[in-house]
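# Results of the structural survey
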Amino acid sequence: MKLLAPVWMLFACLSVSAQDYSGTTTSHKMVSDAFGKERTIDVYTPFAYNELASDSAIVIYVFDGQFDALFDMASATADYLYAVGEFPLFIAVGIHTENRPREF
């Protein structure tokens, strides 16, 4: 029982000081010249992304970005490969489609 309190305190300190290394996904609305209306895109930026060094980041385009599971899988896979050093710094852009056969 005496060991439980220090273990609990250590766990609480580690939980509070843990860092979140996940990236952020934001949705943007933009006017499409090709379709003549407002379209939605999702932009994922990894934790290490710095806007000042954006010229050195590659862009991954994910078509059918309206399917969150597909966009999350693509960005998480690229994020993992970047974390282990097998992929360059990137930004993932999910493009939402409304009429897939016509738009492709």
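Small disclaimer: the values here were computed from a predicted structure and weren't measured. (Residues numbered from 1 in each chain as written. Predicted model: local features only at pLDDT ≥ 70, side-chain atom pairs only at ≥ 80, totals over all residues. Heavy atoms only, no water.)

Moving on, we get to the pattern of salt bridges. The full count for this structure, using the stated rule, is two salt bridges. Lys-37 serves as the salt-bridge partner of Glu-98, at 2.7 Å between the closest nitrogen and oxygen. Residue Glu-98 is found in the loop between β4 (90–95) and α3 (100–103), and its partner Lys-37 is found in strand β2 (residues 37–45); the two are separated by 61 residues along the sequence. The partner of Arg-39 in a salt bridge is Glu-98, and the shortest N-O contact between them spans 3.9 Å. Residue Arg-39 is located in strand β2, and its partner Glu-98 is located in the loop between β4 and α3; the two are separated by 59 residues in the primary sequence. According to the relative accessible area criterion, Arg-39 is buried, its value standing at 8%. Residue Glu-98 is classed as exposed on the basis of its relative accessible area, which comes to 53%. (Salt bridge = Lys/Arg side-chain N within 4 Å of Asp/Glu carboxyl O. Helix = DSSP H or I, 4+ residues; strand = E, 2+ residues; numbered from the N terminus. Buried < 20%, exposed > 50% of the residue type's maximum accessible area, 1.4 Å probe, protein only.)

Turning to the side chain of Asp-42, a few remarks are in order. As for its placement among the helices and strands, Asp-42 is situated in strand β2. The residues touching Asp-42, leaving out its near neighbours within four places in the chain, are Thr-25, Thr-26, Ser-27, Gly-65, Asp-68, Phe-71, Ala-92, Val-93, Gly-94 and His-96. (Contact = heavy atoms within 4.5 Å.)

Moving on to a nonpolar patch on the surface. A cluster of nonpolar side chains, Val-59, Tyr-61 and Phe-63, forms an exposed patch at the surface whose accessible area comes to about 310 Å². Following the sequence through the fold, Val-59 ends up in strand β3 (residues 58–63). (Patch = residues over 30% accessible without salt bridge, like charges linked within 9 Å, V, L, I, M, F, W, Y side chains within 5 Å. Areas by Shrake-Rupley, 256 points an atom, 1.4 Å probe, with all protein chains shown as cover.)

Here the focus is the sheet that holds β4. One open sheet accounts for four strands, arranged β1-β2-β4-β3; its pairing is mixed. Looking along the sheet, the strands with just one partner apiece sit at the ends: β1 (24–32) and β3. Across the sheet, the axes of successive neighbouring strands diverge by a mean angle of 25°, strand direction being ignored. Across six bridges, the pairing between β3 and β4 is parallel. Within the sheet, the bridge partner assigned to Phe-63 lies in β4 and is Ile-95. The strands that helix α2 (residues 68–83) touches are β1, β2, β3 and β4; relative to β4, the one it contacts most, it runs at about 170°. (Pairing = 2+ DSSP bridges. Axes fitted to C-alpha atoms, helices over the stretch in contact; angles between N-to-C directions.)

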